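What the coordinates show
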Amino acid sequence: MKRLLSSVAFLIISSFVCLAQTDESRHEISVSYGYLTLPQAVDLIGAVWGEVLGGLYVGIADAMTPGSAEYPKRIDNGGTGSFSLQYLYSLNRTIKLGGTVCYESTWGEWNNGSDYIEHYPAIMATSKFMWFNRDHFGMYSKFSLGMMLVLDGKNEEKPTPMPAGQASYVCMEFGGKTLRGFLETGWGTQGIINFGVKYSF
């Protein structure tokens, strides 16, 4: 675990090292919001699977002893989506390396009256590969890999480390040379759809 975290930190820090000086923008900082993320999917699958198992359990138990079965299940759940802050350094016209930090939370309620809330901070090393980059429009792919912590909002359980990652295959950015909006489609910690703004300098 320590070795993996050290490797992620090294990749992020190394991206800040300037390899050369040119007139082009070498750095970019972006903020974004993503929806239909991996934690949201896990939460939703858990709710659906709970309904299936709960129905099966209640059906069998009730057939054996009518009125005795009660299976805990989620009756409500939701989430914030993923908020991200990202820094990238341009190695050349095609490759950019850096890091991304993300945060989101999910919550829900059980049919026995109890509820839950979980927080998911994550840090990932990120690579961006430009397909092409014109004055006002560009397309690229982006990949991230790192670590996420699952934090119990009620402090009833210890933090649980989990892998974090994002694979965004088809992405586009539009605007000027300094300030651009972007839209990314993929899957992972930042969601199926991730959009935001970036500043280059």
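Report follows, based on the coordinates. Residue numbering note: each chain is counted from 1, following its sequence as written. Local features in this predicted model are restricted to residues of pLDDT 70 or higher, and side-chain atom pairs are both shown and tallied only at a pLDDT of 80 or more, whereas totals for entire chains, interfaces and linings draw on every residue. Excluded from the side-chain calculations are hydrogens and water; all other atoms, namely the structure's heavy atoms, are used.

1. Remarks on the packing of aromatic side chains
Rules: Working definition: rings of Phe, Tyr and Trp (its six-membered ring) pair if their centres are within 6.5 Å, and the pair is stacked with planes under 30 degrees apart, edge-to-face with planes over 60 apart, and tilted otherwise. Exposure classes here rest on a 1.4 Å probe applied to the protein chains alone. A residue is buried below 20% of its type maximum, exposed above 50%, and partly exposed in between.
Counting across every chain of the model gives 6 aromatic pairs. Note on Phe132 and Phe137: the rings are 6.0 Å apart at their centroids and 45° apart in plane angle, and the pair reads as tilted. For Phe137, a relative accessible area of 32% corresponds to the partly exposed category. On the numbers, 5.8 Å between centres and 70° between planes, the contact of Phe143 with Tyr169 is edge-to-face.

2. A short note on the side chain of Ser168
Selection rule: Comment: elements are numbered from the N terminus, with helices defined as DSSP H or I runs of at least four residues and strands as E runs of at least two. Two N or O atoms count as a polar contact when they lie within 3.5 Å, although within protein this holds only if one can serve as hydrogen donor and the other as acceptor, and sequence-adjacent residues are included solely when both atoms are side-chain atoms. Residue contacts are defined here by distance: any two heavy atoms, one from each residue, within 4.5 Å place the two residues in contact.
Along the polypeptide, Ser168 turns up in strand E9 (residues 160–175). Of note is the side chain of Ser168, whose polar atom sits 3.1 Å from the side chain of Gln166. With near-sequence residues (within four places) excluded, Ser168 lies in contact with Ser141, Lys142, Glu184, Thr185 and Gly186.

3. Thoughts on the pairing of strand E11 (residues 193–200)
Sheet faces and side chains relate simply in a regular strand, where the side chains alternate between the two faces. Just so we agree on the cut-off: At least two bridges found by DSSP between two strands is the condition for calling them paired.
Along E11, the buried face is formed by Asn194, Gly196, Lys198 and Ser200; none of Ile193, Phe195, Val197 and Tyr199, which line the opposite face, is buried. Sheet topology places strand E1 (residues 27–35) next to E11; 8 bridges connect them, and they run antiparallel. Bridged to Tyr33 within E11 is Phe195. For strand E10 (residues 179–188) and E11, the ladder comprises 7 bridges, and the chain directions are antiparallel. Bridge pairing in E11 links Leu183 to Phe195. Linking two consecutive strands that pair antiparallel, namely E10 and E11, is a turn of 4 residues; a positive phi of about 100° is found at Gly191 within it.

4. Details of the pattern of salt bridges
Pairing is possible between side chains that carry opposite charge, provided their charged atoms lie close to one another. Worth spelling out the cut-off: Any Lys or Arg side-chain nitrogen found within 4 Å of a carboxyl oxygen on Asp or Glu counts as a salt bridge.
On inspection of all chains with the given rule, the structure shows 8 salt bridges. Its salt-bridge partner being Lys198, residue Glu28 comes within 3.1 Å of it at the nearest N-O pair. Taken together, the residues Glu28 in strand E1 and Lys198 in strand E11 connect sequence positions 170 residues apart. Note on accessibility: Glu28 and Lys198 belong to one class, buried.

5. A closer look at the environment of Asp135
With respect to the helices and strands, Asp135 occurs in the loop between strand E7 (122–133) and strand E8 (137–152). C-alpha of Asp135 to C-alpha of Gly176: the two residues are 41 residues apart in sequence and 6.6 Å apart in space. Residues contacting Asp135, with those up to four places away along its chain left out, are Gly175, Gly176, Lys177 and Arg180.

6. Notes on the environment of Leu91
Here Leu91 lies in the loop between strand E3 (82–90) and strand E4 (95–103). Residues Leu91 and Arg26, 65 residues apart in the sequence, show an inter-C-alpha distance of 7.7 Å.

7. Focus on the environment of Ser84
Assignment of secondary structure puts Ser84 in strand E3. Take Ser84: its relative accessible area is 6%, and that puts it in the buried class. With 17 residues separating them along the chain, Ser84 and Val101 place their C-alpha atoms 5.7 Å apart. With residues near it in sequence (within four places) discarded, Ser84 still touches Ser30, Val31, Ser32, Thr100, Val101, Cys102 and Gln190. A distance of 3.1 Å separates polar atoms of two side chains, one belonging to Ser84 and the other to Gln190.

8. As for unusual backbone geometry
Of note in this structure, Leu36 is not a glycine but carries a positive phi near 60°. Locating Leu36 in the fold gives a position in the loop between E1 and helix H2 (38–64).

Any functional reading would require information that these geometric values do not contain.
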